[in-house]
Amino acid sequence: MNAEQVDVSDCKSTRYSACLLFSANALARAMTAIGDEEFGKLGLAYSHAYLLREVIDRPGVTPSHLCEVLYLTPSTITRLIEKLEVKGLVTRRSEGKNTMVDPTAQGVGLSDDIMAAWQRTWTRYAEAIGEEETMCLTKQVFKAAKALGEV
């Protein structure tokens, strides 16, 4: 089946609605806007919140582990850590050749707020899409990302 054969008659569509690239990017923008709004209430981008939660859950975590868990490049992880350091939410320390990242007390203090922001984003997605559909879509998107070699 090609893009012209995909049935999008039940959707408000444009000529590009049958294109997965177009639709995936439209979805990403809509979801990112919700994430930006909810995590912005904490003064964080959602990517910072993911990294901070991992550091809170695993004090002394290495940047390489963060790369593996968050599916981000080393340079992106470094930038995120630097921004969280400036905010006083994490610190870095060296042990030999290894760098370890630890949460500060201020960072740990945001843990419940981060979890609440995640819950609010989930609730907004589920209210718009449906709870079961949101769970299914999440699994399908991650499976597709793995198949395409992104994760």
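Conventions and cut-offs
- Residues numbered from 1 in each chain as written.
- Predicted model: local features only at pLDDT ≥ 70, side-chain atom pairs only at ≥ 80, totals over all residues.
- Heavy atoms only, no water.
- Core = buried A, V, L, I, M, F, W, Y, C linked by side-chain atoms within 4.5 Å.
- Buried < 20%, exposed > 50% of the residue type's maximum accessible area, 1.4 Å probe, protein only.
- Helix = DSSP H or I, 4+ residues; strand = E, 2+ residues; numbered from the N terminus.
- Contact = heavy atoms within 4.5 Å.
- Phe/Tyr/Trp six-rings, centres within 6.5 Å; stacked < 30°, edge-to-face > 60°.

Peer 1: Explain the nonpolar core to me, and be specific about the residues and the numbers.
Peer 2: Leu44, Leu51, Leu52 and Leu66 are the most contacted members of the largest nonpolar core, which totals 21 residues. Going through the elements one at a time, α2 (46-57), α3 (63-70), α4 (74-86) and α6 (111-129) are the ones with two or more residues in this core. Top element by residues in this core is α2. It accounts for five residues. Not counting residues within four places of it along the chain, the set of residues in contact with Leu44 comprises Phe39, Ala49, Leu52, Leu84, Lys87, Leu89, Leu110 and Ile114.

Peer 1: Tell me what's going on with the packing of aromatic side chains, and back it up with residues and numbers.
Peer 2: By the definition in use, this model includes five aromatic pairs. Plain terms: the ring middles of Tyr46 and Tyr50 are 6.1 Å apart, the flat faces sit at 85° to each other, and that makes the pair edge-to-face. Of the two residues, Tyr46 and Tyr50 both sit in helix α2, four residues apart, roughly one turn of that helix. An aromatic cluster of at least three residues, connected via ring pairs, comprises Phe39, Tyr46, Tyr50 and Trp118.

Peer 1: Describe α3, with residues and values.
Peer 2: Every buried residue of α3 is listed here: His65, Leu66, Cys67 and Leu70. In the stretch just after α3, Tyr71 is the one whose phi turns positive, near 55°.

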